[in-house]
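# Topology and contacts: notes
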2 protein chains.
Amino acid sequence: MALLIKAGREAPENWIRAFNAAFPDMECRVWPEVGKREEIEYFLGNELPEGEFAKLPNLKLVAGTRVGVEGLLKDASLPRHIPIIRNTDRQRAATMTGWVLYHVIRHHRRFAEFAANQQARKWEHLQFTAPEKLRIGIMGLGNLGGTVARSLTALMYDVAGWSRSPKKIAGVESFAGAEGLPAFLARSDVLVSILPKTPATNDLMNAERFAQLPKGAYFINCGRGTTVDEPALLAALDSGHLSGAALDVYKVEPLPADHPFWGHPKVAMTPHYSCTGSASYGAEGVIEAIRKVRAGETLTNTVDRKEGY
Amino acid sequence: MALLIKAGREAPENWIRAFNAAFPDMECRVWPEVGKREEIEYFLGNELPEGEFAKLPNLKLVAGTRVGVEGLLKDASLPRHIPIIRNTDRQRAATMTGWVLYHVIRHHRRFAEFAANQQARKWEHLQFTAPEKLRIGIMGLGNLGGTVARSLTALMYDVAGWSRSPKKIAGVESFAGAEGLPAFLARSDVLVSILPKTPATNDLMNAERFAQLPKGAYFINCGRGTTVDEPALLAALDSGHLSGAALDVYKVEPLPADHPFWGHPKVAMTPHYSCTGSASYGAEGVIEAIRKVRAGETLTNTVDRKEGY
């Protein structure tokens, strides 16, 4: 039994240490040192060169090291019956939640205006909405979106979520599917997208849908840049329909130096950096999945290839 | 039976509505319309003109509308046996928590640097510490501090608290008393003061104690300005021992226009505005206390006059 690793930025040793502790009988091999291909039962990584998956006859599980799995799904040589799991570990959830909280609170509590007042040496009690009257909408209510939603309800915000199928999270109103989207958008003073990159989310936030948000709404995107029709977002900001946007992800990354987001006074940007994970937390989910595969149990939260996440 | 109100900024009607619903038999009178003084059993407010409390022979409870109760404690005409309660309602706790989270995340996630990079059209992955390796210390672990501490542990930060007596909060290391302070300060990469204004907290954060923080520590104060020796804080910032400070409270408020905090590049300021409450939430605690007084039950969380909060 062996696991093949083609990890991302993090050193493979950090993953291997966790796997060795959990499975002393499992050999860990680092790409491209594959060894005997029939011994490989598990793969950890985000892609392999085209055709390589087909050469692993006993592959039982593929575990991505990231939240997104596009690199794995586009590979036709990865057999359809092999389960794929994404990496949404608790460190990723906590750091993405922190990123979202920062932007929600910055907008709600008018921190940019307080900073300007400090420059002007002006002592002024800028009013803010009571948190229970600020309606926040979370698009995407999986592990990450659910953690974000719960953290916002703890701060007394009025939180709703939108997802493929209805979800039950205490204190969070659930909207689902295409038919639930207009009502969800119409009640979102702050809209947070944590949606994955899939055919269904491509350009989901277009001119029509930005127009369905209440006037003065604030848009936050830490899901994927593909969700946003960027000219439509700029038009909604410039018309005054949206009061601002906080963006971590873009159609093209790195964002080209001449893109209008960089210098836009209503846009706050970070460079695709809303969350971070590490092997020590990511390994927890992979170890749990390998245990289930070995025990013949059914895996939960595997990637739905038709939906793309 | 009557309640006398001398409320702060909020209209007395908002309080009265809640009290009328809870106690149809209780009359609410708004200062200075006191009526028959012997009928007044409860007082809601933050001060009365000197000597007025002594004229209320049947007073059973004093409820402040704010977190701080200095205005009540300095009044010698308020008999020592009358219980005083502070207002730390859940809306105050939630909004103060939001204010603290904003500043912790802004510092931890380097948002000021990301904003500068945006100005420079620079796409750069600024590294940040894993949240579980950032040691945050909360001074003051009452209702407000406890809520703040729990919200930070939910984001995986390494949280400790310092208070008069040891406290048990899941996942929060407890330090207590003068003997616990040096070790607590030495492990606080981010120090958050939510301490009240009392003789014991006056100038608590002086040059010696700032020096006990780790080099590069960040200081956040949304308790009271009296806790801080301001020249010592400025010296610690200017020497580079502290990496920055976020301040909501000051020795003198409004902060004089020539105070060095206004223009200091390492200081982020708001004008004593970290939390807000409203009668609808504040009334919950007052109603509960009146119920207990009427039932002859012992009140919890009353102000300790010796400690001053």
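## Some thoughts on the overall build of chain A
Of the regular secondary structure elements, chain A holds nine helices and 12 strands. Projected onto its principal axes, the C-alpha coordinates of chain A cover approximately 70 × 45 × 40 Å. Per-residue burial for chain A yields a buried fraction of 55% across its 309 residues. Intrachain contacts of chain A at a sequence separation of at least 6 include 60% that bridge at least 24 residues. For chain A, the accessible area works out to roughly 13100 Å², and carbon and sulfur atoms hold 51% of it.

## Quick word on the pattern of salt bridges
Taken as a whole and judged by the stated rule, the model has 38 salt bridges over all chains. In this structure, the salt-bridge partner of Arg110(B) is Glu113(B), at a minimum N-O distance of 2.8 Å. The residue Lys306(B) makes a salt bridge to Glu307(B) at a minimum N-O spacing of 3.8 Å. Among the charged side chains, a network of salt bridges with common partners joins Arg164(A), Asp304(A), Lys306(A) and Glu307(A).

## What to know about the interface of chain B and chain A
Each partner contributes residues to the interface: chain B has 53 residues there, and chain A has 53 residues. Roughly 4400 Å² is buried in total at the junction of chain B and chain A, and carbon and sulfur atoms are behind 68% of that figure. For the interface between chain B and chain A, the tally reads zero salt bridges. Between chain B and chain A we count 22 residue pairs in polar contact (both at pLDDT 80 or more) in total. When residues of the side of chain B that touches chain A are traced back to their parent elements, those giving at least two are α3 (90-108), α4 (111-119) and β12 (267-269) of chain B. Tallying contributions element by element places α3(B) first for the side of chain B that touches chain A, with 12 residues. Of the residues that constitute the side of chain B that touches chain A, the class distribution is 27 nonpolar, 16 polar and 10 charged.

## Details of helix α9 (residues 279-295) of chain B
Residues and elements named next belong to chain B. Over its 17 residues, α9 extends 23 Å from the first C-alpha to the last, a length consistent with the 24 Å expected when each residue adds 1.5 Å. Buried within α9 are the following residues: Ala279, Tyr281, Gly282, Ala283, Val286, Ile287, Ala289, Ile290, Lys292 and Val293. The elements touched by buried residues of α9 are β1 (2-6), α1 (12-22), β3 (40-45), β4 (61-63), β5 (84-85) and α3. Two residues or fewer past α9, glycine 296 is found with a positive phi of approximately 75°.

## Regarding the relation of the copies chain B and chain A
Aligned on chain A, chain B shows an RMSD of 0.1 Å; the corresponding rotation is 180° and the shift along the axis is 0.0 Å. Accordingly, the operation relating the two chain copies is best matched by a two-fold axis. In terms of C-alpha distance to the rotation axis, chain B has Tyr102(B) as its closest residue, with the C-alpha 2.6 Å off the axis. Mapped onto chain A, 100% of the interface residues of chain B are again interface residues, and the two copies thus contact each other with one and the same surface.

## What about the state of the cysteines?
All names here are of chain A. Counted according to the given criterion, the structure contains zero disulfides over all chains. For the unlinked cysteine cysteine 275, the closest cysteine sulfur is that of cysteine 222, found at 7.8 Å. The class of cysteine 275 is buried, set by a relative accessible area of 18%.

## A short note on unusual backbone geometry
Negative phi characterises most residues that are not glycine, and trans characterises most peptide bonds. Residues and elements named next belong to chain A. With an omega of 10°, the peptide bond between tryptophan 31 and proline 32 qualifies as cis. Residue placement: proline 32 occurs in the loop between β2 (27-30) and β3 (40-45). Its identity as a non-glycine residue notwithstanding, asparagine 301 has a phi of 60°, on the positive side.

## Digging into the environment of Asp229(A)
Residues and elements named next belong to chain A. Here aspartate 229 shows up in the loop between β10 (217-221) and α8 (230-238). On the basis of relative accessible area, aspartate 229 is assigned to the partly exposed category, the value being 22%. Between the alpha carbons of aspartate 229 and leucine 204 there is a distance of 7.5 Å; along the sequence they are 25 residues apart. In contact with aspartate 229, other than residues within four places in its own chain, are Asp203, Met205, Asn206 and Phe210.

## A few points about the domain arrangement of chain A
All names here are of chain A. On domain assignment, one finds that chain A holds domain 1 (2-89 + 277-295) and domain 2 (90-269). Domain 1 and domain 2 are separated by 33 Å when their C-alpha centres are compared. Residue-level contacts link 12 residues of domain 1 with eight residues of domain 2. Taking both sides of the interface into account, the surface hidden between domain 1 and domain 2 amounts to around 960 Å²; carbon and sulfur atoms contribute 43%. Applying the counting criterion to the domain 1 and domain 2 interface returns three salt bridges. At the junction of domain 1 and domain 2, the tally comes to eight residue pairs in polar contact (both at pLDDT 80 or more). Its residues placed into classes, the side of domain 1 that touches domain 2 shows two nonpolar, six polar and four charged.

## Digging into the sheet that holds strand β2 (residues 27-30) of chain B
All names here are of chain B. Spatially, β2-β1-β3-β4-β5 is the arrangement adopted by the five strands of the open sheet, whose pairing is parallel. The two strands at the open ends of the sheet, each matched to only one other strand, are β2 and β5. Pairing analysis gives three bridges linking β3 to β4, with the strands arranged parallel. Its bridge partner lying in β4, leucine 44 is registered against alanine 63.

## Section: α1(B)
Helical periodicity: at 3.6 residues per turn, an α-helix aligns residues three or four positions apart in one direction. Residues and elements named next belong to chain B. All of the buried residues in α1 are Trp15, Ile16 and Phe19. Seen along its axis, α1 keeps its buried residues to an arc of 100°; they face one direction. Of the exposed residues in α1, those oriented more than 90 degrees away from the buried face are Arg17 and Ala21.

## As for the pairing of strand β7 (residues 158-163) of chain B
Residues and elements named next belong to chain B. Burial analysis of β7 places five of its six residues in the buried class, the great majority of the element. Bridge count between strand β6 (residues 135-139) and β7: five bridges; the pairing is parallel. The partner of isoleucine 138 across the bridge, within β7, is glycine 161. Handedness of the β6-helix α5 (residues 143-154)-β7 crossover: right-handed. Sheet topology note: the β7/strand β8 (residues 173-176) ladder contains four bridges and is parallel. Opposite alanine 160, over in β8, you have glutamate 173 as the bridge partner.

Parameters at a glance
- Residues numbered from 1 in each chain as written.
- Chains lettered and ligands numbered in written order.
- Predicted model: local features only at pLDDT ≥ 70, side-chain atom pairs only at ≥ 80, totals over all residues.
- Heavy atoms only, no water.
- Helix = DSSP H or I, 4+ residues; strand = E, 2+ residues; numbered from the N terminus.
- Buried < 20%, exposed > 50% of the residue type's maximum accessible area, 1.4 Å probe, protein only.
- Contact = heavy atoms within 4.5 Å.
- Areas by Shrake-Rupley, 256 points an atom, 1.4 Å probe, with all protein chains shown as cover.
- Salt bridge = Lys/Arg side-chain N within 4 Å of Asp/Glu carboxyl O.
- Buried area = accessible area lost by both parts, 1.4 Å probe.
- Polar contact = N/O pair within 3.5 Å; in protein donor to acceptor, adjacent residues only side chain to side chain.
- Nonpolar A, V, L, I, M, F, W, Y, C, P; charged D, E, K, R; others polar.
- Expected span 1.5 Å × (residues − 1).
- Least-squares fit on C-alpha atoms with pLDDT ≥ 70 in both.
- Disulfide = S-S within 2.5 Å.
- Domains from an automatic or database assignment.
- Pairing = 2+ DSSP bridges.
- Arc of directions from axis to C-beta.
- Right-handed = clockwise from strand over helix to strand, strands pointing away.

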